[in-house]
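Observations on the model geometry
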2 protein chains.
Amino acid sequence: MPSYKAPVEDVKFILQDVLGIDRFNNLAGFAEASPDVIDAILQEGAKFCEEVIAPLNLPGDQEGCTRHPDGSVTTPKGFREAYRAYAAGGWMGLAAPAEYGGQDLPHTINTVMQEFISSANLAFGMYPGLTQGAIAALLVHGSPDQKRTFLPKMVEGAWTGTMNLTEPHCGTDLGLLKTKAVPNGDGSYAITGTKIFISAGEHDLSENIVHLVLARIEGAPAGTKGISLFVVPKFLVNGDGSLGPRNGVSCGSIEHKMGIHANATCVMNYDGAKGWLVGQENRGLNAMFVMMNEARLAVGVQGLAQSEVAYQNAASYAKERLQGRALTGAAAPDKPADPIIVHPDVRRNLMLVRAFNEAARALVLWAALSSDVAHRSEDPAERQAADDRLGLLTPVVKGVLTDLGFENAVRAQQVLGGHGYIAEWGMEQFVRDARIAMIYEGANGIQAMDLVGRKLPKDGGRALMAFMGEVEAFCRENGAEDGMKPFVEPLAKGLEQLQGATMWFMQNAMAKPDNAGAGATEYMHLMGLVALGYMWGKMAKAALARKAAGDGAAARMDAKLVTGRFFMERMMPEAGALARRIRAGSDAIMALPAEMF
Amino acid sequence: MPSYKAPVEDVKFILQDVLGIDRFNNLAGFAEASPDVIDAILQEGAKFCEEVIAPLNLPGDQEGCTRHPDGSVTTPKGFREAYRAYAAGGWMGLAAPAEYGGQDLPHTINTVMQEFISSANLAFGMYPGLTQGAIAALLVHGSPDQKRTFLPKMVEGAWTGTMNLTEPHCGTDLGLLKTKAVPNGDGSYAITGTKIFISAGEHDLSENIVHLVLARIEGAPAGTKGISLFVVPKFLVNGDGSLGPRNGVSCGSIEHKMGIHANATCVMNYDGAKGWLVGQENRGLNAMFVMMNEARLAVGVQGLAQSEVAYQNAASYAKERLQGRALTGAAAPDKPADPIIVHPDVRRNLMLVRAFNEAARALVLWAALSSDVAHRSEDPAERQAADDRLGLLTPVVKGVLTDLGFENAVRAQQVLGGHGYIAEWGMEQFVRDARIAMIYEGANGIQAMDLVGRKLPKDGGRALMAFMGEVEAFCRENGAEDGMKPFVEPLAKGLEQLQGATMWFMQNAMAKPDNAGAGATEYMHLMGLVALGYMWGKMAKAALARKAAGDGAAARMDAKLVTGRFFMERMMPEAGALARRIRAGSDAIMALPAEMF
């Protein structure tokens, strides 16, 4: 049975030493989040994840969800109680406005909690995760009446949320969607159509389920310009807030899938269900994007989270399993064999995962902090810069952290040899669960196109220029310091590759857009590498400062520095290969006639 | 439901145009394998795989194997009939000696069949696969009596085989094994102990199961020097060849695992079971290695096989699924959207898989041909050279083809988006099934150590020098030809990286063996890249020749050339990053104290 320990100390190092969260005390909610408060919340959250939901992960996978003939769905044993404890703990509304019952704390703190939950039990975490996304969309685009009706119950955790986009014939290309909305004449609409792949579409955790549904109002323009967003509750809500009759929406079936078995992936049938327009007519994609952007960051966090829990279990195994002898002579001569952590190739695997996890955590929290600043700062320039950064980092966090998070789950599984393949050890579940994060909320190829086709050119490349400028300034300011050289030099080289690749796109993709499409994934990974490398630069700097201050964390800070050096020596070199692939362009990719595939 | 079409034409191109199998007509069995005979066998084998076993793959995964309270195990519905058809078709003994009922055909042809079977139904293919390995071990090390008793029945397919190495506390480190063998005084031994992870250890496909079991004879030296190999049949065999009473071996349980559900992975309990020594006392590892080397190549083939079938299904989906428009304008303006194969990133994924598959197939067949030459040539120098090559390529084929085969199954799954995650589409099964190949028959880290620690230094590096010399000569001989330049130049650069990395090991790993351990996996992949690149060089040359001959295969040959160019532009650049990682050495990997992991 796998175990999980939330990396509380590492989070505090990142928030306080690396990102200097104290600097943001002027932002709403941040002053309340003093180090002591943060510490208390993280300890409490860690305990909940470690003791309540992590033990449900393996049995939840094995039992899965069950759909009954009446269309109801039950979650695995223990999920209802755990969800009640989650709601009672006030976790759903951690970052929600006090006005609706939330605690108004920084989104950054909620992001930490998302990581812990997604490590402990990804399938469980998706229920509140989708609800938080729906809350975000209603906060921005809901009418005052909708907010009053739905938000307090959702923030309390009594009701959960979903997002309904995909249909059998359309996933990425939402312009093709067919679900229709017909005005009822009373301000509501009758929604009819079939949605597929709806996570948490039906379950037994909450009293009501608030579906946010994309549909086309009769007579709306074709394509994406004719899509509107609707809120469609499972149970209609009476004027006094109590639950009314069942709405015309039901779960037609649940999917048998590779992983996240404990989260019901539903086919949802809308049969004249009553829905209310959220935001403006035909501007549904716009409204849904609030939810989607939030969800994309959360999915990136899931990639990190699975990589983290897989690492922890692989490291424990490697320290205990006795097999073979160190190449340099027996390390444990009193035992029949040495623990396999003496073998360089085993360590190489563990270090690859670890070096990713620590940097990815910093990157995620930097993005989350950018989101807080973008939403809460009173300085328009600061808001703008943070929003630029958030937009730029979102596809990178989603795409790169889930690609590498999955790879790392596979890598950690490998450390266990044959046991990694056996269900009871839990490692193969991490692999199966991590796999979904590369697919949902926009498959990673779509993230790459979002980055290259939308985020790069936006505002004349302002966001990218700011990012590259910031990394360049960091290299300039720290390059002379001896202790920083092993970090700054490889980072500067990676940055050069990124600059070169950007230039290549500018020169070659305007006239021939396939050149951008052909290199988009590699570009996303190149930017991810530079962003993770920048995080290592900042972490190394913070670690050196902590060591200089001599506060007793020297062993931990030394480990940081070693891990950062490993990143620079072993992972950064990929930048050159990525850049060469980008410059190969699209010719060989596009040359084959389709029928020859 | 996924489908499969055996790549018969591609195999023939490789055998005839690339490897020039005609040149070997002087070898035993090769003269019989005329192009017509090969064609007939491949067509027949393809039909069996496509029509009989591929349709059982998805249902077999879903049903899995069942162990009954009496210890018997049943395979999924349809497996018994399919296995009977396999045996009746004479497939088991394709390359076995006529003396024991085999067809004495080249091992190379059997390897092709292994690919087809492993694409169509990996779990099914493991039953005959292990049997063929056991046949090989008995052929080399069995006594005349053992051969007479077991081989005809095994070659016929009436009895199957297994290999029993792993115990709960020892997998890689066989020196730790505890299963003991006590002489019965009649020439037989009483075998007692527990073996785990025994594929096909118990099932309902054959009348008898012939276990090859590693055990320690009472009083034998500790470690690997005291291990002997025994043959332990499930049913004892009477003097007249009929089946006698049940032996003291039984299946204690079967594992719940990530994939290959239709192959029973058994805990085997030996309780004084009667066994007979195979080969010499205390030389069991030596005898088992015959089986293991054969099995390692076959597992490499499994990596290719899963990559191939995953590719085929992803390519079909990409040509049918309509979503979005080409970046260069609508490709199918009459349809609501373009097939997703117009998108460069989708094609990039498909090309990566395809460029691997074709080169991996050539590499596998080159290794198989080397095995035939090593076993059948009458020229000692030719035998020696082929044996050297086979030894060098074995860990590369096993490690690289399974690592990349799995990656490619994941990549192909990604092409299907959400559908890739759903069981009924079959893609997620390919991923789960492909995963085991990186683990069993020596986890890939062990393959890397076998390559770097054993195969490189062997005979003063003779095998490696010959390999690098051959690639170098190819580059020299073909570099001047215009059509070959896009292949030869990148290949020569990759070779340079391999030469540089080899030199680095020579200079840095003698004094500090951890430097070899730290770079072993990267070195294995670097050699794999060069070997695959060399195959592309040879395939390009053959394709250009076919085009010049103007035999009507121009479109297929053009596709070869495009795919080869893609390999050189997109995959070969990894060589530089691998070489840089190797040269980073072991310092950052070994620096962290074990307790800090």
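What you see is a predicted model, and the numbers here were worked out from it, not measured in a lab. Every chain is numbered on its own, with residues counted from 1 as its sequence reads. The lettering of chains begins at A and the numbering of ligands begins at 1, in the order of writing. Only residues with pLDDT of at least 70 are given local features in this predicted model, and only at 80 or more are side-chain atom pairs given and counted; all residues enter the totals for whole chains, interfaces and linings. Side-chain measures here rest on the full set of heavy atoms in the structure, leaving out hydrogens and waters.

What follows covers the interface of chain B and chain A. In this assembly, 93 residues from chain B lie in contact with 93 residues from chain A. Here the buried area means the combined drop in accessible surface, using a 1.4 Å probe, for two parts upon being joined, counting both sides. Both sides of the chain B and chain A interface together cover about 7,800 Å² of buried area, and 60% of this is carbon and sulfur. The three residues of chain B that bury the most area against chain A are Tyr421, Arg570 and Phe597 of chain B, which together make up 12% of that side's buried surface. One side-chain nitrogen of Lys or Arg within 4 Å of one carboxyl oxygen of Asp or Glu is enough to make a salt bridge. For the pair chain B and chain A, the interface holds six salt bridges. One salt bridge connects Arg348 of chain B with Glu522 of chain A, and the closest N-O pair in it is separated by 3.5 Å. Segments assigned H or I by DSSP are reported as helices when at least four residues long, segments assigned E as strands when at least two residues long, and all are numbered from the N terminus. Per element, the largest residue contribution to the side of chain B that touches chain A is 10 residues, and it comes from helix α16 (residues 554-571) of chain B. Residue classes follow a fixed rule: Ala, Val, Leu, Ile, Met, Phe, Trp, Tyr, Cys and Pro count as nonpolar, while Asp, Glu, Lys and Arg count as charged, and any other residue, Gly among them, counts as polar. For the side of chain B that touches chain A, the residue count by class is 48 nonpolar, 20 polar and 25 charged. A contact between two residues is defined here by any heavy atoms of the two lying within 4.5 Å.

We now examine the UniProt feature "domain: Acyl-CoA dehydrogenase/oxidase C-terminal" (unreviewed entry) in chain A. The UniProt entry lists residues 282-451 of chain A under the feature "domain: Acyl-CoA dehydrogenase/oxidase C-terminal" (unreviewed entry), expressed in the numbering used here. Counting secondary structure, residues 282-451 of chain A comes out at 74% helix and 0% strand; the distance between its end C-alpha atoms is 25 Å. UniProt positions are given in the numbering used here, feature names are shortened, and annotations may be inferred rather than shown by experiment.

Before going further, it helps to examine the pattern of salt bridges. Throughout the structure, instances matching the rule amount to 70 salt bridges over all chains. Across the pair Lys195 of chain A and Glu167 of chain A runs a salt bridge whose closest N-O atoms are separated by 3.0 Å. Here the residue Lys195 of chain A occupies a position in strand β5 (residues 189-199), and Glu167 of chain A occupies one in the loop between β3 (159-164) and β4 (180-183), the gap between them amounting to 28 residues. Each residue gets one of three labels from its accessible area relative to the maximum for its type: buried under 20%, exposed over 50%, partly exposed in between, using a 1.4 Å probe on protein chains only. Exposure remark for Lys195 of chain A: the relative accessible area of 0% places this residue in the buried category. Notably, a salt bridge pairs Arg462 of chain B with Asp388 of chain B, separated by 2.7 Å at the nearest N-O pair. Pair noted here: Arg462 of chain B is in helix α13 (residues 462-478) and Asp388 of chain B is in helix α10 (residues 380-415), with a separation of 74 residues, a long-range link. Among the residues examined, Arg462 of chain B registers a relative accessible area of 35% and is labelled partly exposed. With relative accessibility at 10%, the residue Asp388 of chain B sits in the buried group. One network of salt bridges, in which partners are shared, links Asp10, Glu115, Glu308, Arg354, Glu358, Arg361 and Lys560 of chain A.

All names here are of chain A. How far each domain reaches was decided by an automatic or database domain assignment. For chain A, the domain assignment lists domain 1 (288-452) and domain 2 (456-591). Taking only C-alpha atoms, the centre of domain 1 and the centre of domain 2 are 18 Å apart. Between domain 1 and domain 2, the contact holds 29 residues from the first and 32 residues from the second. Between domain 1 and domain 2, roughly 2,600 Å² of surface is buried when both sides are summed, and carbon and sulfur atoms account for 77% of that area. On the domain 1 side of the interface with domain 2, the three residues burying the most area are Trp366, Leu392 and Val452, jointly 22% of the side's total. Counting the contacts that link domain 1 with domain 2 gives two salt bridges. Glu358 serves as the salt-bridge partner of Lys560, at 2.7 Å between the closest nitrogen and oxygen. Polar contacts, as used here, are pairs of N or O atoms within 3.5 Å; protein pairs need one atom able to donate a hydrogen and one able to accept it. Residues neighboring in sequence count only if both atoms are side-chain atoms. On inspection of domain 1 and its partner domain 2, the count reaches six residue pairs in polar contact (both at pLDDT 80 or more). For the side of domain 1 that touches domain 2, the secondary-structure elements that each account for two or more residues are α9 (344-376), α10 (380-415) and α12 (444-455).

The next point concerns the packing of aromatic side chains. Any two of the Phe, Tyr and Trp rings considered here, Trp counted by its six-membered ring, make a pair once their centres fall within 6.5 Å; the pair's planes then place it as stacked at under 30 degrees, edge-to-face at over 60, or tilted in between. Tallying each qualifying case throughout the model produces 27 aromatic pairs over all chains. A centroid spacing of 6.3 Å and a plane angle of 55 degrees characterise the contact between Phe24 of chain A and Phe30 of chain A, whose relative ring orientation is tilted. Grouping residues by exposure puts Phe24 of chain A and Phe30 of chain A together as buried. Ring geometry for Tyr317 of chain A and Trp425 of chain A: centres 5.6 Å apart, planes at 85 degrees, overall edge-to-face. A residue pair is termed long-range when its members are at least 10 positions apart, and Tyr317 of chain A in helix α8 (residues 284-320) and Trp425 of chain A in the loop between α10 and α11 (427-437) qualify at 108 residues. Three or more aromatic residues link up through ring pairs in this structure, and these residues are Phe48, Phe79, Tyr83, Tyr86 and Phe124 of chain A. For a Lys NZ or an Arg CZ to count as sitting over a ring, it must be within 6 Å of the ring centre and within 35 degrees of the ring normal. The cationic tip of Arg246 of chain B hangs over the ring face of Phe235 of chain B; the distance from NZ or CZ to the ring centre is 5.6 Å. Of note, Arg435 of chain B hangs over the ring of Phe406 of chain B, and the distance from its end group to the ring centre comes to 5.6 Å.

This part covers the pairing of strand β7 (residues 228-233) of chain B. Residue and element names in this part refer to chain B. Most of β7 is tucked away, with six of its six residues classed as buried. Should DSSP find at least two bridges between two strands, the strands are regarded as paired. Bridge analysis of strand β6 (residues 208-217) against β7 gives six bridges, and the strand direction is antiparallel. In the sheet register, Leu214 faces β7, and the bridge partner there is Leu229.

Quick look at the UniProt feature "domain: Acyl-CoA dehydrogenase/oxidase N-terminal" (unreviewed entry) in chain A now. Summarizing the sequence annotation, UniProt attributes the feature "domain: Acyl-CoA dehydrogenase/oxidase N-terminal" (unreviewed entry) to residues 41-157 of chain A in the numbering used throughout. End C-alpha to end C-alpha, residues 41-157 of chain A measures 18 Å, and it is 66% helix and 3% strand.

Another point: the relation of the copies chain B and chain A. For the pair chain B and chain A, the best superposition has an RMSD of 0.0 Å and corresponds to a rotation of 180 degrees with a translation of 0.0 Å parallel to the axis. Taken together, the turn and the small shift mark the pair as related by a two-fold rotation axis. Among all residues of chain B, the minimum C-alpha distance to the rotation axis is found for Ala577 of chain B, at 3.1 Å. A share of 100% of the interface residues of chain B reappears at the interface of chain A, consistent with the copies meeting face to face through the same patch. The copies were overlaid with a least-squares fit restricted to C-alpha atoms from residues scoring a pLDDT of at least 70 in each copy.

Patches in this entry comprise residues that are over 30% relatively accessible and not in a salt bridge; like charges within 9 Å are linked, as are nonpolar side chains (Val, Leu, Ile, Met, Phe, Trp, Tyr) within 5 Å. In these tables, accessible area is a Shrake-Rupley quantity obtained with a 1.4 Å probe, and a residue counts as shielded only by the protein chains included in the view. For the purpose of counting charges, residues Lys and Arg are taken to be positive, whereas Asp and Glu are taken to be negative. His and the chain ends are not included. Every charge is mapped onto a representative atom, which is NZ of Lys, CZ of Arg, CG of Asp or CD of Glu. On the surface, a cluster of positive charge is made up of Lys493, Arg580 and Arg583 of chain A together with Lys493, Arg580 and Arg583 of chain B. Counting residues per element, the ones that place at least two in the positive patch are α17 (574-583) of chain A together with α17 (574-583) of chain B. Within the secondary structure, Lys493 of chain B sits in helix α14 (residues 485-508).

What follows concerns the pairing of strand β3 (residues 159-164) of chain B. Residues and elements named next belong to chain B. For β3, a buried count of six out of six residues is recorded, marking the element as mostly surrounded by other parts of the structure. Looking at chain direction, β3 and β6 are connected through six bridges and run parallel. Bridge assignment links Met163 to a residue of β6, and that residue is Leu212.

Residue and element names in this part refer to chain B. Relative orientation of the contacting elements helix α5 (residues 107-120) and helix α6 (residues 122-141) amounts to 150 degrees, with a least axis distance of 7 Å. Regarding the angle of α5 to α6, the classification is roughly antiparallel. Each of Asn110, Gln114, Ile117, Ser118 and Ala120 in α5 lies in contact with α6, whose residues at this interface are Leu122, Phe124, Gly125 and Gln132. Of the residues assigned to the contact of α5 with α6, the class counts are four nonpolar, five polar and no charged. To get an axis, a line is fitted to the C-alpha atoms, and for a helix only the part in contact is used. The angle between two axes follows their N-to-C directions and goes from 0 to 180 degrees. Here is the rule for angles: anything less than 35 degrees is roughly parallel, anything more than 145 is roughly antiparallel, 65 through 115 is roughly perpendicular, and the remaining ranges are oblique.

Let us look at the side chain of Asn515 of chain B. All names here are of chain B. Examined against the element boundaries, Asn515 turns out to sit in helix α15 (residues 514-549). Among the polar contacts listed, one links the side chain of Asn515 to the backbone oxygen of Asn508, at a separation of 3.0 Å. Sequence-distant contacts of Asn515, defined by excluding residues within four places in its chain, comprise Trp504, Phe505, Asn508, Ala509, Gly585 and Ser586.

For any two helices packed against each other, one specifies the inter-axial angle together with the distance between the axes. Residues and elements named next belong to chain B. Two elements in contact, α13 and α14, have axes whose closest approach is 10 Å; the angle formed by their N-to-C orientations is 155 degrees. The pairing of α13 with α14 is recorded here as roughly antiparallel in orientation. For the crossing formed where α13 meets α14, the hand is left-handed. Between α13, through Leu464, Phe467, Met468, Val471, Glu472, Phe474, Cys475 and Asn478, and α14, the contact on the second element is made entirely by Val488, Leu491, Ala492, Leu495, Leu498, Gln499 and Thr502. Note on convention: the crossing is left-handed when the near helix lies turned anticlockwise from the far helix by less than a right angle, right-handed when the turn is clockwise.

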